[in-house]
Amino acid sequence: MKIQFVQNLHKLRMMGKHTTTNHIDEKLTIACLADKHQISVTNLKKYFKEIYGLSIYAYLKEKRIQKAAELLRETNHEIGKIAGMVGYDNASKFSNSFKSIMGINPSEYKKSV
């Protein structure tokens, strides 16, 4: 049992890094992630939150917004393009998510940097 727990923790740490590095723009489901990493959905949710302190979706949202902030600072791309680059199909939903994490909307953020 303890070996299984340690293996699951290792998988989840690797999954968090891999997903936010290589799949930030993709629509991901918990079931798909669980299947890909050979862990049950229940354990995935439980252990992920224990490791990262956030649900999977909250973690991905935070990482996507961090990447978007980086792109806003370092590129001249339009906000709608950046939204798509970090996995948002809808610029309005992206703006709302950005503001909920950063406390400022993306256009204001871009002007301030």
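Bear in mind that the values here come from a model prediction, so they are computed numbers and not experimental data.

Asker: What is the right way to read the environment of isoleucine 104 from this model?
Answerer: Take isoleucine 104: it is sitting in the loop between α6 (91-102) and α7 (106-112). Not counting the four nearest positions on each side in its chain, isoleucine 104 is found in contact with Phe98, Lys99 and Tyr109.

Asker: What is the right way to look at the side chain of serine 97 in this model?
Answerer: Secondary-structure assignment places serine 97 in helix α6. Residue serine 97 is classed as buried on the basis of its relative accessible area of 12%. Side-chain polar atoms of serine 97 contact the side chain of tyrosine 88, separated by 3.1 Å. Beyond its immediate sequence surroundings of up to four residues, serine 97 is in contact with Lys61, Ile65 and Tyr88.

Asker: Please clarify how the packing of aromatic side chains should be interpreted in this entry.
Answerer: For any two aromatic rings, the description comes down to two numbers: the centre-to-centre distance and the angle of the planes. A complete count under the given rule lists 6 aromatic pairs for this structure. With centroids separated by 5.5 Å and ring planes inclined at 65°, the aromatic side chains of tyrosine 88 and phenylalanine 94 adopt a geometry described as edge-to-face. Accessibility assignment for this pair places tyrosine 88 and phenylalanine 94 in one class, buried. Their ring planes at 65° and their centres at 5.4 Å tell us that phenylalanine 98 and tyrosine 109 sit as a pair that is edge-to-face. Highlighted residues: phenylalanine 98 in helix α6 and tyrosine 109 in helix α7, separated in sequence by 11 residues. One aromatic cluster is present, formed by Tyr88, Phe94, Phe98 and Tyr109 through successive ring pairs.

Asker: Please clarify how the confidence of the model for the protein chain should be interpreted in this entry.
Answerer: As a general rule, the predicted coordinates of low-pLDDT regions are not to be interpreted in detail. Summary statistics for the protein chain give a mean pLDDT of 86 and a share of 80% for residues scoring 70 or more. Averaged pLDDT values over the elements of the protein chain bottom out at 62 in helix α1 (residues 2-22) and peak at 97 in α6.

Asker: It is not clear to me how the nonpolar core should be interpreted in this structure. Could you clarify?
Answerer: General note: in soluble globular proteins, nonpolar side chains tend to be found buried as a group. Membership of the largest hydrophobic core is limited to 12 residues, which are Ile65, Ala68, Ala69, Leu71, Leu72, Ile82, Ala83, Val86, Tyr88, Phe94, Phe98 and Tyr109. Here this core takes 5 residues from helix α4 (residues 56-74), the largest share from any one element. Setting aside chain neighbours within four positions, we find isoleucine 82 in contact with Ala68, Leu71, Leu72, Thr75, His77 and Phe94. Residues Leu28, Ile30, Ala34 and Phe48 belong to the second largest nonpolar core, which totals 11 residues.

Asker: So what exactly am I meant to see when it comes to the packing of α4 against α6 here?
Answerer: Each pair of packed helices can be described by the angle between their axes along with the distance between the axes. For the pair α4 and α6, interaxial distance at closest approach is 10 Å and the crossing angle is 95°. Relative to α6, the element α4 is oriented roughly perpendicular. Contact residues: α4 offers Lys61, Glu62, Ile65, Ala68, Ala69 and Leu72, while α6 offers Phe94, Ser97, Phe98, Ser100, Ile101 and Met102. Of the residues belonging to the contact of α4 with α6, the class tally is 8 nonpolar, 2 polar and 2 charged.

Calculation notes
Residues numbered from 1 in each chain as written. Predicted model: local features only at pLDDT ≥ 70, side-chain atom pairs only at ≥ 80, totals over all residues. Heavy atoms only, no water. Helix = DSSP H or I, 4+ residues; strand = E, 2+ residues; numbered from the N terminus. Contact = heavy atoms within 4.5 Å. Buried < 20%, exposed > 50% of the residue type's maximum accessible area, 1.4 Å probe, protein only. Polar contact = N/O pair within 3.5 Å; in protein donor to acceptor, adjacent residues only side chain to side chain. Phe/Tyr/Trp six-rings, centres within 6.5 Å; stacked < 30°, edge-to-face > 60°. pLDDT = per-residue confidence, 0-100. Core = buried A, V, L, I, M, F, W, Y, C linked by side-chain atoms within 4.5 Å. Axes fitted to C-alpha atoms, helices over the stretch in contact; angles between N-to-C directions. Parallel < 35°, antiparallel > 145°, perpendicular 65-115°, else oblique. Nonpolar A, V, L, I, M, F, W, Y, C, P; charged D, E, K, R; others polar.

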